[in-house]
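Survey of secondary and tertiary structure
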Amino acid sequence: MARNKSESRGVLKLKDMDEKNMHNLFLKNMAGLIEETKNPSPCLNPNSKRGGMATHAGVALELGIFRSSGTKMMSPQMEAILIWCQCRTREYDNVKIENFTHSWADGLAFCALIHHFFPQAFDYDKLQTGPQHRKNNYHLAFQTGERFAGIPDFLTAEDMEGMVADQRIDPKMIFSYVQEVYRMCNEL
């Protein structure tokens, strides 16, 4: 099954929130991250209402999203978009987004992210893993994103296939594409 069922616990946890509440919380935290980047200031209170890294990190922790040890530091914007992707793909089988490189190599993360917004477009459960299927996964995700949301095709299946084959995945290329997914799909 593409999405695992969450157990209800009697207390509303972030992972049990509906999409609208999750989106509003994410936007609040994204605004805080951007403001903190523009005007850095010490924030000793992790419960600060202005958002920022402490609050954003708290959201990630409650969702069970952890950064792997050895993961390179990212800008606040990249971190925010990464968490946004993790939130939207956390219930998809075979998808674990930890970075903007190898997490996207088999194409399933792209497919899960696009499928989250357009579940009628294709059957996620029929996708296959493995090097022989990744190019098809890239094509499916990129073409579906372009067709249903107008996401520009500046990253192609051939680009991804070449980067993975050369073991030189460019995180800025993947981040730029995912940022376009955010820009084009976030209001849906």
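Structure report, in brief. Computed from a prediction, not measured in an experiment: that's the story for all the values here.

1. What to know about the side chain of Asn-99
- Within the secondary structure, Asn-99 sits in the loop between helix H3 (76–89) and helix H4 (108–117).
- In this structure the side chain of Asn-99 is engaged in a polar contact, spanning 2.9 Å, whose partner is the backbone nitrogen of Thr-101.
- At 3.2 Å, the side chain of Asn-99 forms a polar contact with the backbone nitrogen of His-102.
- Once residues lying within four places of it in the same chain are set aside, the contact partners of Asn-99 are Leu-82 and Trp-104.

2. Quick word on the packing of aromatic side chains
- Under the counting rule described, the total for this entry stands at 13 aromatic pairs.
- Between the aromatic rings of Phe-110 and Tyr-138, the centroid separation amounts to 6.4 Å while the plane-to-plane angle is 80°, which identifies the pairing as edge-to-face. You can see Phe-110 sitting in helix H4 and its partner Tyr-138 sitting in helix H5 (residues 134–149), a full 28 residues away along the chain.
- Overall, Tyr-138 belongs to the buried group, its relative accessible area being 0%.

3. A few points about the pattern of salt bridges
- Enumeration according to the criterion identifies four salt bridges in this entry.
- Between Arg-134 and Glu-161 there is a salt bridge, with the nearest N and O atoms lying 3.2 Å from each other. Residue Arg-134 is found in helix H5, and its partner Glu-161 is found in helix H6 (residues 157–165); the two are separated by 27 residues along the sequence.
- Between Glu-158 and Lys-135 there is a salt bridge; the shortest N-O distance is 4.0 Å. On the criterion of sequence distance, the pair formed by Glu-158 in helix H6 and Lys-135 in helix H5 is long-range, its members being 23 residues apart.

4. Overview of the environment of Glu-79
- Inspection of the secondary structure puts Glu-79 in helix H3.
- Assessed through its relative accessible area of 9%, Glu-79 is described here as buried.

5. A closer look at the side chain of Glu-180
- Examined against the element boundaries, Glu-180 turns out to sit in helix H7 (residues 171–185).
- Judged by its relative accessible area of 15%, Glu-180 is buried.
- Among residues more than four places away in sequence, those in contact with Glu-180 are Ile-151, Pro-152 and Phe-154.

6. Quick word on the packing of H3 against H7
- Where H3 meets H7, the axes come as close as 10 Å, and the angle between the chain directions of the two elements is 60°. The chirality of how H3 crosses H7 is left-handed. In contact with Gln-77, Met-78, Ile-81, Trp-84 and Cys-85 of H3, H7 contributes Pro-171, Phe-175, Val-178, Val-181 and Tyr-182.
- Looking at the contact of H3 with H7 residue by residue, the class counts come to nine nonpolar, one polar and no charged.

7. Overview of the nonpolar core
- Counting residues in each nonpolar core, the largest one holds 42 residues, and the members touching the most others are Phe-100, Trp-104, Phe-110, Tyr-124, Met-160, Val-178 and Val-181.
- Sorting the residues of this core by element identifies H3, H4, H5, H6 and H7 as the ones contributing at least two each.
- Top element by residues in this core is H4. It accounts for eight residues.
- Setting aside residues up to four positions removed in sequence, Phe-110 forms contacts with Trp-104, Tyr-138, Ala-141, Phe-142, Leu-155, Met-160, Ile-174, Tyr-177 and Val-178.

8. Here we look at H4
- In terms of burial, H4 is largely enclosed, as 10 of its 10 residues are buried.
- Inspection of H4 places Leu-108, Ala-109, Phe-110, Cys-111, Ala-112, Leu-113, Ile-114, His-115, His-116 and Phe-117 among the buried residues, and these make up the whole buried set.

9. Overview of the packing of H3 against H4
- Where H3 meets H4, the axes come as close as 9 Å, and the angle between the chain directions of the two elements is 70°. Taken together, H3 and H4 sit at an angle that is classed as roughly perpendicular. Counted together, Trp-84, Cys-85, Arg-88 and Thr-89 of H3 and Ala-109, Ala-112, Leu-113, His-116 and Phe-117 of H4 form the full contact between these two elements.
- Its residues assigned to classes, the contact of H3 with H4 shows six nonpolar, two polar and one charged.

The rules we used
Note that residues are indexed from 1 along each chain, following the sequence as it is written. Only residues with pLDDT of 70 or above have their local features reported here, since the model is predicted, and side-chain atom pairs are shown and tallied only from 80 upward, although totals for entire chains, interfaces and linings are computed over all residues. Excluded from the side-chain calculation are hydrogens and water; included are all heavy atoms of the structure. Note on conventions: DSSP H or I runs of at least 4 residues are helices, E runs of at least 2 residues are strands, and numbering of each starts at the N terminus. Each polar contact in these results corresponds to two N or O atoms within 3.5 Å; when the atoms are within protein, one needs to be able to donate a hydrogen and the other to accept it, and residues that are neighboring in sequence are counted only if both atoms are side-chain atoms. Residue contacts are defined here by distance: any two heavy atoms, one from each residue, within 4.5 Å place the two residues in contact. Stacked, edge-to-face and tilted are the three classes for Phe, Tyr and Trp ring pairs, Trp counted by its six-membered ring, which pair at centre distances within 6.5 Å; planes under 30 degrees apart are stacked, over 60 edge-to-face, the rest tilted. For the exposure calls, accessible area comes from a 1.4 Å probe over protein chains only, and a residue counts as buried if that area is under 20% of its type's maximum, exposed if over 50%, partly exposed in between. Think of a salt bridge as a Lys or Arg side-chain nitrogen and an Asp or Glu carboxyl oxygen that are within 4 Å of each other. Where helices are involved, their axes are fitted lines through C-alpha atoms of the stretch in contact, as for all axes, and angles between N-to-C directions lie from 0 to 180°. Throughout, a crossing is termed right-handed when the near helix is turned clockwise from the far one, and left-handed when it is turned anticlockwise from it by less than a right angle. Residue polarity is assigned by list, with Asp, Glu, Lys and Arg as charged and Ala, Val, Leu, Ile, Met, Phe, Trp, Tyr, Cys and Pro as nonpolar; anything else, Gly included, falls into the polar class. The set of buried Ala, Val, Leu, Ile, Met, Phe, Trp, Tyr and Cys residues whose side-chain atoms join them within 4.5 Å is what this entry labels a nonpolar core. An angle below 35 degrees is treated as roughly parallel, one above 145 as roughly antiparallel, one from 65 to 115 as roughly perpendicular, and anything else as oblique.

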